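Breakdown of the fold
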Amino acid sequence: AVKPVMVAGPKLRVAKAGTAFAELADASGYAVATMPSAKGLVAETLPRFIGTYWGAVSTAFCAEIVESADAYLFAGPIFNDYSSVGYSFLLKKEKAVIVQPDRVTVGNGPAFGCIMMKDFLTELGKRLKKNTTAYENYKRIWVPEGQPPESEPGEPLRVNVLFKHVQKMLTGDSAVIAETGDSWFNCQKLKLPDGCGYEFQMQYGSIGWSVGALLGYAQGATDKRVIACIGDGSFQVTAQDVSTMLRCGQNSIIFLINNGGYTIEVEIHDGPYNVIKNWNYTGLVDAIHNGEGNCWTAKVTCEEELTAAIETATGDKKDCLCFIEVVAHKDDTSKELLEWGSRVSTANSRPPNPQ
């Protein structure tokens, strides 16, 4: 191949092949991307890392390099309607080497069983000639990304401004939990420092997953301060897990993004059922707290209030569970959600295949 690339998938974790993948990336010189559900499994500080490959909603310039490659190695991918943006990937099977935890398929065949991913990637790295062509092409077309415009004093808070500040909070001692919904896309754009954990749940798209996941992650990873970005609709499904977080003395930071509905569902299939009853979220968490355990809540509506809340959560209240309700406009979504939603909607509403 002239300009091959390699893409990490979510099954890297179950195959325990993350280190072997990174070593192959180093030996091969290929441009490296990750599928969205593999974010955090491969260090984003690898020298030839080009971002998230997610079809039409990929990191800028990443999809163009992956889809124009004349060969691609996918390690542990899961292809479904969500990960393929409504089956709109521009990939050709004959160009792909698909490496699953215990199986390797080359193009349209043959497939080799009983091959362990970790062993295969390690051995492949010893046999490849180094080829940095795809990454050199990427560097030629790459343009630095912009920043959101500065907010006016007291201007209603925009979600992209929130995530500008979340980015600044991340260190190797952090972890990010991204809830199903617009947080998928906003958190996907975060650049993870070495050692920063990242979890999100794409296979089933279960809303409410992140509250319980945050509880479990924080209980296990006591060396990290976990930051969770959760939509109001999702939070309403599993809000009671905050009670156990307090009982266990956890000190996570929850950003509750209150935009008055199931925003991701609006983009897939809108209807009156996507508007939800607004709660007094900080009042609810205060009631669950009930004077037992360490808990601090705040409600923010503009950038000045947000920066003050983050300062408190990372300063005086760093040992508390911090719950920050971020009030956002109901139509304030990432451009990626708009694109992804329209494509998934088209795929999901197509007539049945006559075969």
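Here is what the cut-offs are and how they apply
- Residues numbered from 1 in each chain as written.
- Predicted model: local features only at pLDDT ≥ 70, side-chain atom pairs only at ≥ 80, totals over all residues.
- Heavy atoms only, no water.
- UniProt positions renumbered as here; feature names shortened; annotations may be inferred.
- Phe/Tyr/Trp six-rings, centres within 6.5 Å; stacked < 30°, edge-to-face > 60°.
- Lys NZ or Arg CZ within 6 Å of the ring centre and 35° of its normal.
- Axes fitted to C-alpha atoms, helices over the stretch in contact; angles between N-to-C directions.
- Helix = DSSP H or I, 4+ residues; strand = E, 2+ residues; numbered from the N terminus.
- Parallel < 35°, antiparallel > 145°, perpendicular 65-115°, else oblique.
- Left-handed = near helix turned anticlockwise from the far one by under 90°.
- Contact = heavy atoms within 4.5 Å.
- Nonpolar A, V, L, I, M, F, W, Y, C, P; charged D, E, K, R; others polar.
- Domains from an automatic or database assignment.
- Buried area = accessible area lost by both parts, 1.4 Å probe.

In the nomenclature of an unreviewed UniProt entry, the protein chain corresponds to pyruvate decarboxylase from the organism Aegilops tauschii subsp. strangulata. Of the protein chain, the UniProt comment under Subunit (unreviewed entry) reads exactly: "Homotetramer." Per UniProt, the protein chain carries the Catalytic activity (unreviewed entry) text "a 2-oxocarboxylate + H(+) = an aldehyde + CO2".

**Overview of the packing of aromatic side chains**
In the structure shown here, the tally under the stated rule is 18 aromatic pairs. Look at W279 and Y281: their rings are 5.7 Å apart centre to centre, the planes differ by 35°, and that puts the pair in the tilted class. What links up through ring pairs into an aromatic cluster is the set W54, Y82, W184, F185, Y198, F200 and W340. In this structure, K39 packs its charged tip against the face of Y198, placed 5.5 Å from the ring centre. Above the plane of the ring of W142 lies K139, whose end atom (NZ or CZ) is 5.4 Å from the centre.

**Points about the packing of helix α1 (residues 18-28) against helix α3 (residues 117-127)**
What describes two packed helices is the angle between their axes and the distance between those same axes. Running from N to C, α1 and α3 point in directions that differ by 15°, and their axes come no closer than 9 Å. Looking at the two axes, α1 sits roughly parallel to α3. In this structure, α1 meets α3 at a crossing whose hand is left-handed. For the pair formed by α1 and α3, the contact residues are A20, F21, L24 and A27 on the first element and K118, L121, T122, L124 and G125 on the second. Counted by class, the contact of α1 with α3 contains six nonpolar, two polar and one charged residues.

**Remarks on the domain arrangement of the protein chain**
Under the domain assignment, the protein chain is made up of domain 1 (4-141) and domain 2 (159-341). The straight-line distance from the C-alpha centre of domain 1 to that of domain 2 is 30 Å. Every contact between the two is made by 17 residues of domain 1 and, on the other side, 18 residues of domain 2. Between domain 1 and domain 2, a total of about 1600 Å² is buried, with carbon and sulfur atoms accounting for 61% of that surface. Together, K39, W54 and Y82 form the three largest contributors to the area buried by domain 1 at its contact with domain 2, with a combined 40%.

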